[in-house]
Protein chains: 2
Amino acid sequence: MKIYRINMSNLSFVAEEVPEEWKLLGGRGLTSVIVAKEVDPTCHPLGNKNKLVFAPGLLAGTMAANSGRLSVGAKSPLTGGIKESNSGGTAAQRLAKLGVKALIIEDIPEGDQWYSLHVHKDGVKIKEETELLGKGNYEVIHTLTSRYGENTGVITIGQAGEYKMSASNISVKDPKGHIRSLGRGGLGAVMSSKRIKYITLDDNDGKGIKILDKETFKTAAQIFNKGLLSHPVSGNALPKYGTNVLVNILNEAGGLPTKNFRMGQFEGTEKICGETMYDTIMSRKGDPTHGCHVGCVIRCSQTYNDKDNKYLTSGFEYETIWGFGAGCTVDDLDIIANIDQICDDIGIDTIETAGAMMVAMEAGILPWGDGLGMLKLFTEEIKEGTYLGRILGNGADFTGKAFGVTRIPTVKHQSMPAYDPRSVKGIGVTYATTTMGADHTAGYSVTSNVLNVGGRIDPLAKEGQIELSRNLQIATAAIDSAGLCIFTAFAILDYEPVSHALIDMINAEYGSNWSVDDWFNMGRFVLKTERAFNQAAGFTNKDDRLPEFFSEPVPPHNVTWDFTGEELDQVYNF
Amino acid sequence: MKIYRINMSNLSFVAEEVPEEWKLLGGRGLTSVIVAKEVDPTCHPLGNKNKLVFAPGLLAGTMAANSGRLSVGAKSPLTGGIKESNSGGTAAQRLAKLGVKALIIEDIPEGDQWYSLHVHKDGVKIKEETELLGKGNYEVIHTLTSRYGENTGVITIGQAGEYKMSASNISVKDPKGHIRSLGRGGLGAVMSSKRIKYITLDDNDGKGIKILDKETFKTAAQIFNKGLLSHPVSGNALPKYGTNVLVNILNEAGGLPTKNFRMGQFEGTEKICGETMYDTIMSRKGDPTHGCHVGCVIRCSQTYNDKDNKYLTSGFEYETIWGFGAGCTVDDLDIIANIDQICDDIGIDTIETAGAMMVAMEAGILPWGDGLGMLKLFTEEIKEGTYLGRILGNGADFTGKAFGVTRIPTVKHQSMPAYDPRSVKGIGVTYATTTMGADHTAGYSVTSNVLNVGGRIDPLAKEGQIELSRNLQIATAAIDSAGLCIFTAFAILDYEPVSHALIDMINAEYGSNWSVDDWFNMGRFVLKTERAFNQAAGFTNKDDRLPEFFSEPVPPHNVTWDFTGEELDQVYNF
């Protein structure tokens, strides 16, 4: 495999050998190591010193189930720290098939010209782009699919990215031609700063994946695959209801943040929960279950149609439905689906903008529960890049500062996702301490706190949460590096044969001799590398704290956020 | 003297004894020590845990020349660190005459009611306020003067403060009923968060100042006074041309930041310089020289009339004229005077908003040199609190983030003043390292770099700048604590008898036995206290750096910013 390096200042491309120390890294592990090595931690995230790194995971392009996640890394314009964001779609597998270990985009062009990149079997072609500027992701994908064929992979930014909003994401075409989002941390703005509107991926005649021990790989892959399907969460709940199965579960647990984290239960839950969503999808002839990438066996995505049975959105996630739903006290699933659709189209993170909307409601920009008002803010303000759109599109913290609001649910300037940190304390520890800013996927303690996976730890008590979050953050860094979907973690952590099968696949592909421990050690190394970058950027343990308003008790359990700084600092004691 | 403590949550007032360790502190020394002791460094600056502290200087209310500066301290919503800002006006002397060592405002009210505070001989009365909400500072002062008499002191916030903008200031009525501004760091937003629109000061029957050794004080005060008048800067240049004498001086030195720090010289200098301003004032029957407070002998203020010889503005400073002038390539002094007037009225910092305007011009919001366009942004956007106004009113960094601009001249999120740090390197060291965020007054190295006061240090070379800035930062912390105007420093640093006279006055008033060294040690203590607060708030030495674009050479000397981090870190080696 090769490292593809593109310099946007002189519009050059070079294919480099993969350094020895990067060979057993992929996905997040590789993007973070490259960013930490090559990017000045104190640089401006939108300046010429930042780099944008794309990397498929270690197992990308193989028959390993759920191994098609694409990682993108850079210094984040939202958090000011290192960022890795990942998503499904068709890009990672195409990059792997093209023999691309990582694509590193450096520097920024002089002048105002925009560009597109075209990755193919012989390298990368850089073209000038004008036609698709100002267009949404759906139109970009549609146009490029028409132009280059159904099989073309697309990585693109929408209008939010073009405006360099800190909440803008990078979008990836999925197997159905819909949109998958690398949502968090404003990486769309970094792509925009390099003036790249989109990247196409043509894997025709790509070298393909080389697996050293195909037989072992195949056996392990079958065990892995079966393991995922035999777990109640990844084999049953997620395929049927998608991630939105969590609305009812979190509401019952009293951990569904409602009205900007004032309550842990939402009275409109019934109308927006996974079960209602499933029934709606079925009655409108949508598709309740499919994968975000080829080889996904969990298939938590769906196609949500409108009242006329026409396609409205897909990849309609719990966090989105929570954020614009319970978070903003909106109980209309169709409106939330419309917002999800426009967020995908303009390329903006639903979690960050849900936070921004909650803060806007605090500020009186629109009333609580005004779903149509929110939708209008997306279509008429954010999409158009108006001044209000610029405020909201830069996220919850920025919106709070614009209007003097102090109740802002962020850590490291990034909006908190869909789990109240007081009543699901393990996830609070992750929000506070992950290198990524408030992020549930960085160490999904909801597992043991609420889902009773990997043991049971009382979500309302402090005991065991530090260790839980630490172990999950380490495991997640390793999983993200393999390019695996985070939902493989349920089976990996619960079933020993599944974790062994995973390591067997890696060893079989690369000829390595890893143990499960070695793999977790890689996770530790990635976390420490990321943390060192953040410290060199000026972060301290003061950044590993929750906002002060979480000292308020949250109903129904009336628990507060009660971890001391000293306790939180123990997360990195490994 | 007493500490007056007001709690806005329960609307209570209490007068406390002055703790022994605060007795020889005043002004900045006292505000910083109180903030450091009583405010949680990690709190939200606009939340209930922040405190707003007003303190006259050690010599306030005495016959010591230029001792009437008022210090205000808090955690800054702009920088996120400790902040002291000071100004002239009539408030400090009235507080001193009332026996108020410091006024500490704590907590925030419940509900939406606004208040006013009335400080008088028996304490503080808290009243509800509705009438003056939404009004500008000129109207507030006019109304309160009508209501309570000419002699009433007023501290107030304008619309920018009410909107909680990070660039909003606190304004003080001056002896002519005009406006003096505690400009930097967004302290107006802190006052607004406590929902105080204004404070009146009635010093009738105040206890007055107690001076233990009146004879010694009087003799020393005469030496001090004469010293100020005998120095060429404070005795001649400033009285005649005001601070705007610096436009020509800095332009000649190649250190006048032009077009957002692209050049060090501005071709429109002739039209906006101090000499032109003086001629304009004289021809329009303005007042070329008066003091910002009673007892000022330097008298660098002026009244600038419009073309019809009617009052337009006063306290028309070099930094304002530079910022909206050379900084934005505007060469029309009347337009800049109009902007100064509206900034005073809505209560917003001219340096911070000049930075915001430069960044807005980078973003294409208005063209370079469009003075009338800027004026409109103040009157139609910032004053009205529109969305664009909210962006600009939160300062240069915020504006840059809103529009994805990377060329932002800030340190610790605060806009750089009127001296290019590359061609006046000593001031660059101060910008980088002061606890306050980019601030020229924190260690005015322009003295030895350009004005040849206190020795001569080549402004283009690195040699000696660290020591210069360090010594000036220490001296300034001490001067700010005495409540002295920064312009007394020229004579204090150049003439030994003047510094001795200053210490003699302090000793004579308080019965202390300080040497000049003891006084500087107090300055050291204040700086270290401030720095410790910032570190506890999460600042590191990474915050003591200039933005990366200062690696560009600046004409005419084509010098770059070339200090290493290690060199800058030496400033705090004391």
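Residues numbered from 1 in each chain as written. Chains lettered and ligands numbered in written order. Predicted model: local features only at pLDDT ≥ 70, side-chain atom pairs only at ≥ 80, totals over all residues. Heavy atoms only, no water.

Chain A has the name Tungsten-containing aldehyde:ferredoxin oxidoreductase in an unreviewed UniProt entry, where Desulfosporosinus metallidurans is given as its organism.

1. Points about the interface of chain A and chain B
Quick reminder of the rule: Any two residues whose heavy atoms approach within 4.5 Å at even a single point are treated as in contact. Two parts placed together each lose some accessible area; with a 1.4 Å probe, that loss summed over both constitutes the buried area. By definition, a salt bridge exists where a carboxyl oxygen of Asp or Glu is found within 4 Å of a side-chain nitrogen of Lys or Arg. What qualifies as a polar contact is a pair of N or O atoms within 3.5 Å, subject to a donor-acceptor requirement within protein and to the restriction that residues adjacent in sequence count only when both atoms come from side chains. Helix and strand definitions follow DSSP, with helices as H or I runs of at least four residues and strands as E runs of at least two, each counted in order from the N terminus. Under the scheme applied here, ten amino acids are nonpolar (Ala, Val, Leu, Ile, Met, Phe, Trp, Tyr, Cys and Pro), four are charged (Asp, Glu, Lys and Arg), and all others, including Gly, are polar.
In this assembly, 31 residues from chain A lie in contact with 31 residues from chain B. Of the roughly 2600 Å² buried where chain A meets chain B, counting both sides, 62% is carbon and sulfur surface. The largest per-residue losses of area from chain A upon contact with chain B belong to A:Y387, A:K401 and A:E548, which jointly make up 26% of the total buried on that side. Our enumeration of links across chain A and chain B arrives at zero salt bridges. Taken together, chain A and chain B are joined by four residue pairs in polar contact (both at pLDDT 80 or more). Contributing elements (two or more residues each) for the side of chain A that touches chain B: α15 (387–392) and α16 (395–403) of chain A. Taken together, the residues of the side of chain A that touches chain B break down into 15 nonpolar, ten polar and six charged.

2. Side note on the relation of the copies chain A and chain B
Applied cut-off: Least-squares fitting of one copy onto the other uses the C-alpha atoms of those residues that reach a pLDDT of at least 70 in both copies.
Taken as rigid bodies, chain A and chain B are interconverted by a rotation of 180° and an axial shift of 0.0 Å, the fit giving an RMSD of 0.0 Å. When the rotation and shift are considered jointly, the pair of chain copies conforms to a two-fold rotation axis. Among all residues of chain A, the minimum C-alpha distance to the rotation axis is found for A:Y387, at 2.8 Å. Here 100% of the interface residues in chain A have copies in chain B that are interface residues too; the copies meet face to matching face.

3. Describing the sheet that holds strand β13 (residues 287–290) of chain B
Residue and element names in this part refer to chain B. In plain terms, the rule: Strands are treated as partners if at least two bridges between them are detected by DSSP. A fitted line through C-alpha atoms represents every axis, and for helices the fit uses only the stretch in contact; the resulting angles, taken between N-to-C directions, go from 0 to 180 degrees.
Taken in spatial order, the three strands make up an open sheet running β13-β14-β15, and their pairing is antiparallel. Each having just a single partner strand, β13 and β15 (311–314) make up the two edges of the open sheet. This sheet shows a mean twist of 25° between the axes of neighbouring strands, independent of strand direction. Alignment of β13 against strand β14 (residues 301–305), held across two bridges, turns out to be antiparallel. Following the sheet pairing, D287 is matched in β14 by T303. Packing of helix α12 (residues 333–346) onto the sheet brings it into contact with β14 and β15, and relative to β15 it is tilted by some 70°.

4. Some details on unusual backbone geometry
Residues and elements named next belong to chain A. Using the following cut-off: Here the term buried applies to any residue with accessible area under 20% of the maximum for its type, exposed to any over 50%, and partly exposed to those in between, with areas from a 1.4 Å probe on protein chains only.
Following P555, the chain continues to P556 via a peptide bond in cis, the omega torsion being 5°. Inspection of the secondary structure puts P556 in the loop between α22 (516–536) and α23 (565–569). The residue L11 is not glycine, and still its phi comes out positive at about 55°. Assignment of secondary structure puts L11 in the loop between β1 (2–7) and β2 (12–17). Classification of L11 by relative accessible area gives partly exposed; the value is 35%.

5. So, the sheet that holds strand β6 (residues 100–106) of chain B
Residues and elements named next belong to chain B. On the basis of which strands lie adjacent, the open sheet formed by six strands has the order β2-β1-β6-β3-β4-β5 and mixed pairing. Pairing within the sheet leaves two strands with one partner each, and these edge strands are β2 (12–17) and β5 (82–87). Taken over all neighbouring pairs, the strand axes of this sheet differ in orientation by 20° on average, direction set aside. Looking at chain direction, strand β3 (residues 51–56) and β6 are connected through four bridges and run antiparallel. Paired with K51 across the bridge in β6 is E106.

6. Concerning the packing of aromatic side chains
Quick note on the threshold: Aromatic rings from Phe, Tyr and Trp, with only the six-membered ring used for Trp, were paired whenever their centres fell within 6.5 Å, and each pair was classed as stacked if the ring planes differed by under 30 degrees, edge-to-face if by over 60, and tilted otherwise. Any Lys NZ or Arg CZ found within 6 Å of a ring centre and within 35 degrees of that ring's normal is scored as a charge over the ring.
The full count for this structure, using the stated rule, is 31 aromatic pairs over all chains. Relative to A:F563, the ring of A:W561 lies with its centre 4.8 Å away and its plane at 45°, an arrangement referred to as tilted. Taken individually, A:W561 and A:F563 each receive the classification buried, so the pair is uniform in this respect. Centre to centre, the rings of B:Y572 and B:F574 are 6.0 Å apart; their planes meet at 35°, and the pair counts as tilted. An aromatic cluster of at least three residues, connected via ring pairs, comprises A:F261, A:W322, A:F549 and A:F550. The residue whose ring lies beneath A:K240 is A:Y278, and the NZ or CZ to ring-centre distance is 5.1 Å.

7. Focus on the environment of B:E128
Residues and elements named next belong to chain B. Counting through the fold element by element, E128 comes out in strand β8 (residues 123–129). We classify E128 as exposed; its relative accessible area is 57%. When residues no more than four places from it in sequence are discounted, the contact partners of E128 are Q113, W114 and Y115.

8. A few points about the side chain of A:E84
Residues and elements named next belong to chain A. How we decide: Positive charge is attributed to Lys and Arg, negative charge to Asp and Glu, and no charge count is given to His or to the chain ends.
Note on placement: E84 falls in strand β5 (residues 82–87). Of the side chains with opposite charge, R28 lies nearest to the buried E84, which makes no salt bridge, at 4.5 Å. Of note is the side chain of E84, whose polar atom sits 3.1 Å from the side chain of N86. With residues up to four places along the chain from it excluded, the contact list for E84 reads R28, T31, S32, S71, V72, G73, M436 and D480.

9. Points about the pattern of salt bridges
If charged atoms from side chains of opposite charge come close, those side chains can pair. According to the stated counting rule, one finds 60 salt bridges over all chains in the structure shown. Across the pair A:R531 and A:D544 runs a salt bridge whose closest N-O atoms are separated by 2.9 Å. One end of the pair, A:R531, is in helix α22; the other, A:D544, is in the loop between α22 and α23, with 13 residues separating them in the sequence. Residue classification places A:R531 among the buried positions, given a relative accessible area of 16%. In this structure, B:R184 and B:D349 form a salt bridge, with 3.0 Å as the shortest nitrogen-oxygen distance. Here the residue B:R184 occupies a position in the loop between β11 (179–182) and α5 (187–193), and B:D349 occupies one in the loop between α12 and α13 (350–362), the gap between them amounting to 165 residues.

10. Quick notes on the pairing of β3(B)
Residue and element names in this part refer to chain B. Among the six residues of β3, six are classified as buried, and the element is accordingly described as predominantly covered. By the alternation rule, side chains of β3 split into K51, V53 and A55 and L52, F54 and P56, which are all buried. As defined by bridge partners, β3 adjoins strand β4 (residues 70–75) across four bridges and the pair is classed as antiparallel. Looking across to β4, one finds that V53 is bridged to G73.

11. Here we look at helix α14 (residues 371–382) of chain B
Residues and elements named next belong to chain B. As a reminder of what qualifies: Here the expected length of a helix is defined as 1.5 Å per residue gap, with one fewer gap than residues.
Counted at 1.5 Å a residue, the expected span for α14 with its twelve residues is 16 Å, and the 15 Å between its end C-alpha atoms agrees. Buried within α14 are the following residues: G371, G373, M374, L375, L377, F378 and I382. The secondary structure elements touched by the buried residues of α14 are α11 (318–324), α12, α13 and α15 (387–393).

12. Quick word on the packing of helix α6 (residues 214–230) of chain A against helix α21 (residues 496–510) of chain A
Residues and elements named next belong to chain A. Inclusion rule: Geometric relationships in this document are graded by angle, where less than 35 degrees denotes roughly parallel, more than 145 denotes roughly antiparallel, 65 to 115 denotes roughly perpendicular, and other angles denote oblique. Whether a crossing is left-handed or right-handed is set by the direction in which the near helix is turned from the far one by less than a right angle, anticlockwise for left-handed and clockwise for right-handed.
Two numbers describe how α6 lies on α21: the axes approach to 8 Å, and their chain directions differ by 150°. Comparing the axis directions of α6 and α21 gives the class roughly antiparallel. Crossing angle aside, the handedness with which α6 passes α21 is left-handed. Of the residues in α21, those in contact with T216, F217, A220, A221, I223, F224 and G227 of α6 are P497, V498, A501, L502, D504, M505, A508 and E509.

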